[in-house]
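Chain and residue survey
Take a look at the letters that make up each chain.
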Amino acid sequence: MTDDTDLQRLCVHESIGNKIPKKGFVEAFDELSIPVELVDDGETYDEGDAVASFKPRPEFLDAGWVHVIRAGYDAFSTDEYEASGTPLTNSTGIHGTTVGEIAVGYMLSLARMLHIYRDHQNDTDWYEPDYQRPFTVENERLCVIGLGTLGQGISKRADALGMDVVGVRRSQESVPGVSEVYHPDDLPEAIADARFVAVAVPHTPATEDMISTAELEAMREDAYLINVARGPIVDEGALVDALDTGAIAGAGLDVFETEPLPEESPLWDFEEVIISPHRGSATNRYHLDIAELVAENVRRYQAGESLKNRVA
C-alpha cells in the first residue's frame, strides 16, 4: 500500500528517450489527473512526485514513487529503495505480444532461411539452398525457459504454429499451450530434445550464465538458441564456442552481455546467427503500452491501493 500523500505531478525523466519518444510519451498522459513534466538531471523531488525513468538517479529516492519504463530493473538498487521507503515499479507484463512475435520471427526465419535469402538478395544472388536445409517449425519442439509474461507470449504463438512446446520454471502449474513443465533442476533434460530453446527468464544472480557450456552441449546439434531476455543469462564465450564447433546450429539474439554489441564480437560473423539491437519490445505503440501501465498506477497510488508491478 502507499501512504496518504497525494501525487502532485508525474515527472518523465529525459532518459526515457533511450527507448521511446519523449514527446509522444508525455502526450499520452493528456487525460491524467495530475500535471506531467519532462525533466532532466538536476531536478529535485519530494513525496508528491512520481517519476518515470529509463535510468536510475540518486535523487529519485526522494520521490513518492518511481517507475522503471523497462521490464529489467537491475540497474536500480532495490535495497536503496527499500531503505528509503520509496516504491519502485517496473514495466513487466506488457511484452508478451511484442517479444513473443520477435522470438517466433527468429524461429521462422532460421527454419525457412529468410535471413540467408536476404543476405544473398543484398548481393543480387539467386541463391538456392541444399534441399535438406529448410524445415518447417510445425511439430518441432520448442523449450521455453521461463514461463512468465515473455515465456507465455512465446509459447502461445509457437503453439498456434503447431509446435510442441515444453517449458521450464519452478512452479509446476500448467500453462496453456505448454505440454510439459520441467523444474530448473531438470534443464538438461528439458532442452535435450528441443529444436529451439528460448530464454525468457529475468536476469538475477541465479540466472546469470544459466546457459553455458554444459547446457549448450546438452542441446541437439541442429538446435537453435533464442535469447530475448537479458544478455548475461547466456555465457557469450560458451555460445561462440558452441557455434564455432557446431555444437548447435545457430541463434536468434536480441540481447547481449555488452550493448551495443562490440564490432569485434565474433557473433556478427556467423551466417546462422540473427542479431537485433535489443528491440524485442519496439513497436510504434510501445510508449502507449507503458503509459497505460503508469496511468493505472497513478490511479492506484491516489486511491491508496497496492501498486502494480511493485519490485521494492
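Above this text is the structure in question.
Residues numbered from 1 in each chain as written. Predicted model: local features only at pLDDT ≥ 70, side-chain atom pairs only at ≥ 80, totals over all residues. Heavy atoms only, no water.

1. Quick word on the pairing of strand 10 (residues 224-227)
Formally: Here's how the labels work: a residue is buried when its accessible area is under 20% of the maximum for its type, exposed when over 50%, partly exposed in between, all with a 1.4 Å probe on protein chains only. A run of H or I in DSSP becomes a helix once it reaches four residues, and a run of E becomes a strand once it reaches two; helices and strands are each numbered from the N terminus. The criterion for strand pairing is that DSSP finds at least two bridges linking the strands in question. Call a crossover right-handed when, viewed with both strands pointing away from you, the route from the first strand across the helix to the second goes clockwise.
Here strand 10 shows no split at all, with Tyr224 and Ile226 on one side and Leu225 and Asn227 on the other all buried. With 4 bridges joining them, strand 9 (residues 196-199) and strand 10 adopt parallel strand pairing. Of the residues in strand 10, the one forming a bridge with Phe196 is Tyr224. The parallel pair strand 9 and strand 10 is bridged by helix 7 (residues 213-218), and the resulting crossover is right-handed. One ladder, built from 4 bridges, connects strand 10 with strand 11 (residues 250-253); its direction is parallel. Bridge pairing in strand 11 places Tyr224 opposite Gly250. Tracing the backbone out of strand 10, into helix 8 (residues 236-245) and back to the parallel element strand 11 gives a crossover that is right-handed.

2. Some details on the nonpolar core
Put simply, the test is: Take the buried residues of types Ala, Val, Leu, Ile, Met, Phe, Trp, Tyr and Cys, join any two whose side-chain atoms come within 4.5 Å, and each joined set is a nonpolar core. Two residues qualify as a contact provided that any one of their heavy atoms is within 4.5 Å of a heavy atom in the partner residue.
Judged by nonpolar contacts, the single largest core of 35 residues is most densely connected at Ile145, Leu216, Leu225 and Leu239. Elements that contribute at least two residues to this core include exactly strand 6 (141-145), strand 7 (164-168), helix 6 (187-192), strand 9, helix 8 and strand 11. A total of 5 residues in this core trace back to one element, the largest contributor, which is helix 8. Excluding anything up to four places from it in sequence, Ile145 contacts Val168, Leu187, Ile191, Val197, Ala198, Val199, Ala200, Val201, Met210 and Ile211. Val165, Val181, Tyr224 and Ile226 belong to the second largest nonpolar core, which has 27 residues in total.

3. Quick notes on the packing of helix 3 (residues 96-112) against helix 5 (residues 149-160)
Each packed pair of helices is defined by two parameters, the angle between the axes and the distance between the axes. Here is the rule: For every element, the axis is a line fit to its C-alpha atoms; helices are fit only across the contacting stretch, and the angle between N-to-C directions ranges from 0 to 180 degrees. Note on angle classes: values under 35 degrees are labelled roughly parallel, values over 145 roughly antiparallel, values of 65 to 115 roughly perpendicular, and the remainder oblique. Helix crossings are classified by the rotation of the near helix relative to the far one: an anticlockwise turn of less than a right angle makes the crossing left-handed, while a clockwise turn makes it right-handed. Residues are grouped as follows: Ala, Val, Leu, Ile, Met, Phe, Trp, Tyr, Cys and Pro are nonpolar; Asp, Glu, Lys and Arg are charged; every other residue, Gly included, is polar.
Taken N-terminus to C-terminus, the directions of helix 3 and helix 5 make an angle of 50°; their axes are 8 Å apart at the nearest point. The angle between helix 3 and helix 5 falls in the class oblique. Crossing of helix 3 against helix 5: the hand is right-handed. Note on element contacts: helix 5 touches helix 3 through Thr149, Leu150, Gly153, Ile154, Arg157 and Ala158, opposite Gly96, Thr97, Val99, Gly100, Glu101, Ala103, Val104 and Met107. For the contact of helix 3 with helix 5, the class distribution of residues is 7 nonpolar, 5 polar and 2 charged.

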